[in-house]
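The residues making up each chain are set out below.
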Amino acid sequence: MDFYRDSVDMALRYGSSTDANIYGLKICNVPRFVCATQEYIDKHGEPLHPHDLPCHNGLVYQLSDIIHDVWEFSKDGMDFKIKVSENRASNDGDLVRRWCVAGQGIASKSGLDMPNELLNDRVVRLLPDFELKPTELWFIFPSRQSITPVAQLLRDMLRKKTAEVLHSLIEKGLVDKSVLL
């Protein structure tokens, strides 16, 4: 998305912007999960280590011409960068979520992208001992003047709604309370 080319007033984006011309308000920290349906696991087996992932079908996100098929994990101070095998990539995160729920493979998704599926056991969190590199959710604007009192109220509402989702994930034991810091 290009604010100037696409005439966008504001947007939500994972990760902080590296563009000095973009202004942002952080909404929250966002945990990420590797997940799949129980049906997929029953048919293809459960990966027990990130190194097992290339033997599975990864469902990946693509932004422009960049396919996000390298997933970064950490455990006990060790980092793992794993290139997953995939037969599907999309620039639509919701489509990747739907593929995962349909049992088409393993996805790396944010807790905000599929909380209902995680909370209602439609997908299973995989590799719980390995933390995927977390991200942040930002409310971004093309100029400081765009950050109006109404935009700040919307930011406050987004913070409240995302905190509710994160608390639900904490209660289910899917994430640690540290995500709220």
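Here's a quick rundown of the structure. (Residues numbered from 1 in each chain as written. Predicted model: local features only at pLDDT ≥ 70, side-chain atom pairs only at ≥ 80, totals over all residues. Heavy atoms only, no water.)

### Things to note about the nonpolar core
Thought 1: Ranked by size, the top nonpolar core spans 27 residues in total, and within it Cys28, Cys100, Leu118 and Leu169 carry the most contacts.
Thought 2: Among the secondary structure elements, those contributing two or more residues to this core are strand S2 (23-30), strand S3 (32-36), helix H3 (93-101), strand S12 (135-141) and helix H5 (149-171).
Thought 3: In terms of residues, this core owes the most to one element, H5, which gives five residues.
Thought 4: Ignoring anything within four residues of it in the chain, the contact list for Leu118 reads Phe33, Val123, Arg125, Leu169, Lys172 and Leu174.
Thought 5: In terms of nonpolar packing, the next biggest core, distinct from the first, is built from 16 residues, Val60, Trp71, Val84 and Ile106 among them. (Core = buried A, V, L, I, M, F, W, Y, C linked by side-chain atoms within 4.5 Å. Buried < 20%, exposed > 50% of the residue type's maximum accessible area, 1.4 Å probe, protein only. Helix = DSSP H or I, 4+ residues; strand = E, 2+ residues; numbered from the N terminus. Contact = heavy atoms within 4.5 Å.)

### Concerning the sheet that holds strand S7 (residues 78-83)
Thought 1: Spatially, three strands are ordered S7-S6-S11 in an open sheet, and the strand pairing comes out antiparallel. The outermost strands of the open sheet, each flanked by one partner alone, are S7 and strand S11 (131-132).
Thought 2: Relative to S11, strand S6 (residues 70-75) runs antiparallel, the two sharing two bridges. Counterpart to Phe73 in the pairing with S11 is Leu132. (Pairing = 2+ DSSP bridges.)

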